[in-house]
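This is what each chain is made of:
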Amino acid sequence: MKTLVLAVAFLSFNLSSKAQVLSAVIHDASAIDTTGRYLKENPGFIVNNSLTAKSLLKDPALEQELQVSIRKPSDRKALMKHLREMNISTDMEANRSNKKLLFNLANTFARLKMYSLAMKCFFKTLQYNKADQPVEADTLGSTTALPPDSLSADVTNLDERYLNFNDKDDTLLNHQPGLQLPLNDKEPRSPKITYQHIIETFKDGKKAVAYAMLIHVKQPVGGKARVYKFTNSGHTFITLIKYNSDSTYISLSFGFYPDKNHPFAGTPLFPSSHSTFRDDAEHKWDEIAGKFISKRRFEKILALTKNYDGLKYHLSKNNCTDFSLNAALFADLSIKETTGKWPLGHGNNPGITGQSMLQGKIADGNKPDLDEVFVDDTVIKQ
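Residues numbered from 1 in each chain as written. Predicted model: local features only at pLDDT ≥ 70, side-chain atom pairs only at ≥ 80, totals over all residues. Heavy atoms only, no water.

1. So, the pattern of salt bridges
- Overall, the coordinates contain twelve salt bridges when judged by the stated rule.
- The partner of K242 in a salt bridge is D204, with the nearest N and O atoms 2.7 Å apart. Of this pair, K242 sits in strand 3 (residues 235-244) while D204 sits in the loop between helix 11 (195-201) and strand 2 (208-218), placing them 38 residues apart in sequence.
- As a salt-bridge pair, D246 and K206 come within 3.0 Å of each other at their nearest N and O atoms. (Salt bridge = Lys/Arg side-chain N within 4 Å of Asp/Glu carboxyl O. Helix = DSSP H or I, 4+ residues; strand = E, 2+ residues; numbered from the N terminus.)

This is the structure in C-alpha cells:
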C-alpha cells in the first residue's frame, strides 16, 4: 500500500495532464471516499513500482525531479486541488489511504523546505487519526472547544477549518525557498538576522489561529553518530510557523551561531565567541521533529530567543544545539542522548542529537507515543 500511495503522490507532482485527469476523476462532492477506493481500482496511475518512503525522501535525484515538477503552475494547482478534495469521510479504508499519502507529502514538502505546507499535511493526518477513534461523528471538527488562539489551546483544540488546503496555498508556495533556488545550486551561507527581525516577522497584524515549531539537525555525517568530520561539526536550528485566520501563514527558520571576530572563534581552541542569529530558511538538514503548539509555548520560544540575543556563544556550553534543544523543550519536545566529546571539549552537538532522533529517542512531554509529533518517515521506532 505504501508503494501505491507514494507512487500517486509522486504522480501528483509530475506530468500535468495526468495529474489533472486524476483530480478530475476523483472529484465527486457526494462521494464518501476521495482517494483510497479510486487508487485501488485504477492501478494504471502507478508510475514507479520501485518507489519506497526512503527512496523518495532520501534520493537526491527523485527530490530534484519533484522540485522541478512543483515549480510548474499547472502541476502545482492540480496537486492543491487534489489535496482540497481529500476530505475526512466515514470510510475507514479510504481515510487510512489518504493519511499515508498526506504523511508522505508532509515529509516531501519538508525536504523541499516548505514547512508550512508540510505541517498542514501532517495536521490533516491528525484529523484522520481522530476520525478513526470511536467518537460521535458530530464532535469531529467541533468549534465549541477552546479557541485555537487561547493560551491553553493545543493540537486537540484546533479548528481544522483554519488549516484546510485552500486556493491561497498555491499563491503562497511561490514565495517558498524550494521554488526560488536554482536547481543544483550550492547551499548559500545563512545570512545574519537580529532578534528584532525575528520578532517583527510575526507581527503581521493578523489574528493567529495556530502555531507550530520544528527542530532540524544537520549532522556532520548523515545517519552516523559522528561529532565532527574535519572542520564540519553540523548545525541545529528551529522553524517557527504562525497560521492566520485569513489562511495566510508566516514561517521563519533560524539558528544560533558564533559571530566570529577571528577564524578560530567558536572552535575547540577558542570555544567562546560573540553570537548572532542567522536565517536558515535554505539550510539543509538530516533529521526533523515538529508539532503544533499553543500561543503560550510559541511566545515562550520567542522569549527564549530574546534571552539569547547578545548571549555569548560557547562551543561546549551554549551552542546551536543547546539553543534549539531549549526551544524544543518549550514545545514539550525532548531528545534523549544529545551529548558527545571532541578534542578539548564536550557537550550537546548535532551529530549525536541527530542520531538519537533517527533512532526515535524523542519524547512528547509525558505522552506515551509520538502521535502528535511530525518526524521523518525513516525514524527507527524504539
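2. Some points on the nonpolar core
- With 41 residues, the main nonpolar core has M213, L240, F254 and F277 as its most contacted residues.
- In this structure L240 touches F202, A212, M213, I250, S251, L252, F254, F298, I301 and L302, once residues within four positions along its chain are discounted. (Core = buried A, V, L, I, M, F, W, Y, C linked by side-chain atoms within 4.5 Å. Buried < 20%, exposed > 50% of the residue type's maximum accessible area, 1.4 Å probe, protein only. Contact = heavy atoms within 4.5 Å.)

3. Some words on the layout of surface pockets
- Its boundaries defined by the atoms lining it, the largest pocket holds a volume of some 1,100 Å³.
- Together, 35 residues line the largest pocket, and T231, N232, S233, G234 and K260 are the ones closest to its centre.
- Looking at the lining of the largest pocket, the elements with two or more residues in it are strand 4 (249-259) and helix 13 (320-330).
- When residues in the lining of the largest pocket are grouped by element, the largest group, four residues, is from strand 4.
- Of the residues assigned to the lining of the largest pocket, the class counts are 15 nonpolar, 14 polar and six charged. (1 Å grid on protein atoms, 1.4 Å probe; cavity = no way out; pocket = protein on both sides within 12 Å on 5 of 7 lines; lining within 4 Å. Points joined across faces, edges and corners; volume = space filled by probe spheres on them. Nonpolar A, V, L, I, M, F, W, Y, C, P; charged D, E, K, R; others polar.)

4. Looking at the side chain of S324
- Positionally, S324 belongs in helix 13.
- For S324, the contacting residues outside a window of four places in its chain are M213, I215, T236, F237 and I238.

5. What to know about unusual backbone geometry
- A positive phi is found at F230, a non-glycine position, where the angle reads about 55°.
- Positionally, F230 belongs in the loop between strand 2 and strand 3.
- A positive phi is found at S247, a non-glycine position, where the angle reads about 75°.
- Turning to its location among the elements, S247 is positioned in the loop between strand 3 and strand 4.

6. Quick word on the packing of aromatic side chains
- Evaluation of the coordinates by the stated rule reveals 15 aromatic pairs.
- Here F123 and F292 contribute two aromatic rings whose centre-to-centre distance is 5.4 Å and whose plane-to-plane angle is 70°, an arrangement assigned as edge-to-face. A residue pair is termed long-range when its members are at least 10 positions apart, and F123 in helix 8 (residues 115-132) and F292 in strand 6 (residues 287-293) qualify at 169 residues. Neither F123 nor F292 differs from the other in exposure class; each is buried.
- Over the face of the ring belonging to Y257 we find R278, whose NZ or CZ atom lies 5.5 Å from the ring centre. (Phe/Tyr/Trp six-rings, centres within 6.5 Å; stacked < 30°, edge-to-face > 60°. Lys NZ or Arg CZ within 6 Å of the ring centre and 35° of its normal.)

7. Notes on the pairing of strand 4
- A large share of strand 4 lies buried, amounting to nine of its eleven residues.
- Here strand 3 pairs with strand 4 via six bridges, running antiparallel. Its bridge partner lying in strand 4, Y243 is registered against Y249.
- Connecting strand 3 to the next strand, strand 4, in antiparallel fashion are four residues, including S247 with a positive phi near 75°.
- Inspection of the sheet shows strand 4 paired to strand 5 (residues 272-279) by six bridges, in the antiparallel sense. Looking across to strand 5, one finds that P258 is bridged to S275. (Pairing = 2+ DSSP bridges.)

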